Amino acid sequence: MTTRYAGPIREAAVHAHDLIARGFAEDAWLAGVLDRCPPELFDINLYDYDEEGQVSLRTGARGRLSGAELLEAIKAGRLWVNLRSVEMACPDLWSAAMGEFRRIQSAYPGLKAVTNAGQLILSSPKARVPYHFDAAGVVLFHLRGRKRIFVYPGDEAHLSEGDMEQVVARQTTEELPYRRAFEADAAVIDLEPGQALTWPLYAPHRVENLDRFCVSLSMDFQTWPTRWRNGALYTNAVLRSRGGRPRPTDAMAAPELAARWAASLALKRVGGLKNRIAGFQRDFEPELGVEDGAGALRA
């Protein structure tokens, strides 16, 4: 797959995992996680699409449903629920997943993660995740339901550096400008429970559930090259916001990327760019028996 970010993972590939046999996809375990997870770790989204596939986002609050009720609202609605910091909230799942990650990592000579973080994703049967990219490597461990993942080239035509800068600097969410013409360039993978998917670093992608309630663990990982590049992207975003015209990161060798990363640490300490997505307005909270599973916010 064409990408200007060379790395050990050259194309989308499917791997086996054994997390399902340990009970991490069962309703009782999931309801317990939803009960004990702090509200601040929940991302609850509704994605709406126009005829051209362009997305608009509505964000939800955790609300007052019990874990079992919230699980039923997800199954019956059109919700995408992301539980962040799995490494802290679900240590049993995290320990098992890290063992699986180390095995998958060994399949890619030269791949060395220096940090890992996880998100447990519970999504409605008809949920779709829009065209976006992750500023990290990803292993998607699929636990329940069926997903179709579309992975696109990571070149300038599909993923501009300007858009990358805005996402890394938290000036906008991860969603990217999308054109239907991109579909001709996509690798399409149907993911079944017990399978894990890897794809090239930074590759744009989108996800469709295939009419079933889905559960996945998305494990992000950073390598030193991705940390350097993300830092360089942040520094470039600051320079651009001040009228500069910084060199693109794919024109930089490792020493320059590392220097820009070091600069980003200093810029973040002094508030180089204000985080524009930290205070998203909440539009709804999950509710049983209402359209899309999205009810009115309650005080």
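Let us look at the structure shown here. (Residues numbered from 1 in each chain as written. Predicted model: local features only at pLDDT ≥ 70, side-chain atom pairs only at ≥ 80, totals over all residues. Heavy atoms only, no water.)

1. Section: the overall build of the protein chain
Right, on to step 1. A count of helical and extended segments in the protein chain gives 7 helices and 14 strands.
Right, on to step 2. At 19 Å, the protein chain has a C-alpha radius of gyration in line with the 19 Å of a compact globule built from 299 residues.
Right, on to step 3. By its C-alpha atoms, the protein chain is 55 × 45 × 40 Å across when sized along the principal axes.
Right, on to step 4. Looking at the protein chain as a whole, 52% of its 299 residues are labelled buried.
Right, on to step 5. Here the analysis covers contacts within the protein chain between residues at least 6 apart in sequence; of these, 86% occur between residues at least 24 apart.
Right, on to step 6. A total accessible area of about 13,400 Å² is found for the protein chain, and carbon and sulfur atoms account for 51% of it.
Right, on to step 7. Side-chain charges of the protein chain comprise 37 positive and 38 negative groups, with the mean position of each set lying 6 Å from the other. (Helix = DSSP H or I, 4+ residues; strand = E, 2+ residues; numbered from the N terminus. Rg over C-alpha atoms; globule rule 2.2 N^0.38 Å. Buried < 20%, exposed > 50% of the residue type's maximum accessible area, 1.4 Å probe, protein only. Contact = heavy atoms within 4.5 Å. Areas by Shrake-Rupley, 256 points an atom, 1.4 Å probe, with all protein chains shown as cover. Lys, Arg positive; Asp, Glu negative; His and termini not counted. Charge placed at Lys NZ, Arg CZ, Asp CG, Glu CD.)

2. Notes on the packing of helix α1 (residues 27-36) against helix α2 (residues 67-76)
Right, on to step 1. The geometry of α1 relative to α2 is characterised by a closest axis approach of 7 Å and an angle of 110° between their N-to-C directions. One finds that α1 runs roughly perpendicular with respect to α2. Classified by chirality, the crossing of α2 by α1 is right-handed. Taking contact as the criterion, the partners of D27, L30, A31, L34 and D35 in α1 are, on α2, G67, A68, L70, L71 and K75. (Axes fitted to C-alpha atoms, helices over the stretch in contact; angles between N-to-C directions. Parallel < 35°, antiparallel > 145°, perpendicular 65-115°, else oblique. Left-handed = near helix turned anticlockwise from the far one by under 90°.)

3. A short note on the side chain of T59
Right, on to step 1. Topologically, T59 is positioned in strand β3 (residues 55-60).
Right, on to step 2. The exposure class assigned to T59 is buried, which follows from its relative accessible area of 5%.
Right, on to step 3. Within the local environment of T59, its side chain forms a polar contact with the backbone oxygen of Q281, the two atoms lying 2.7 Å apart.
Right, on to step 4. Sequence-distant contacts of T59, that is, excluding residues within four places in its chain, are made with I44, N45, F280, Q281, R282, D283 and F284. (Polar contact = N/O pair within 3.5 Å; in protein donor to acceptor, adjacent residues only side chain to side chain.)

4. Re the nonpolar core
Right, on to step 1. Ranked by internal contacts, the top residues of the largest apolar core, which has 68 residues, are L93, L120, L122 and F141.
Right, on to step 2. It is helix α4 (residues 91-105) that contributes the most residues to this core, 7 residues altogether.
Right, on to step 3. Once residues lying within four places of it in the same chain are set aside, the contact partners of L93 are L19, F24, W29, V86, L120 and L217.
Right, on to step 4. Within the second largest apolar cluster, 14 residues are counted, among which are V138, V151, I189 and V207. (Core = buried A, V, L, I, M, F, W, Y, C linked by side-chain atoms within 4.5 Å.)

5. Examining the sheet that holds strand β6 (residues 128-132)
What links the strands of a sheet is backbone hydrogen bonding, and the strands pair in either a parallel or an antiparallel sense.
Right, on to step 1. Here 4 strands make up an open sheet; going across it, the order is β6-β11-β8-β9 and the pairing antiparallel. At either end of the open sheet lies a strand with only one pairing partner, and these are β6 and β9 (187-191). Across this sheet, the average inter-strand angle for adjacent strands is 15°, counted without regard to direction.
Right, on to step 2. Here β6 pairs with strand β11 (residues 205-209) via 3 bridges, running antiparallel. (Pairing = 2+ DSSP bridges.)

6. Overview of helix α6 (residues 224-241)
Right, on to step 1. Compared with an ideal rise of 1.5 Å per residue, which puts 18 residues at 26 Å, α6 spans 26 Å between its outermost C-alpha atoms and is within 8% of the ideal.
Right, on to step 2. Within α6 the residues assigned to the buried category are T226, R229, N230, G231, A232, L233, Y234, T235, N236, A237 and V238.
Right, on to step 3. On its buried face, α6 is in contact with α5 (161-168), β12 (214-222) and α7 (254-269).
Right, on to step 4. Count one or two residues on from α6 and you reach G243, which has phi positive near 90°. (Expected span 1.5 Å × (residues − 1).)

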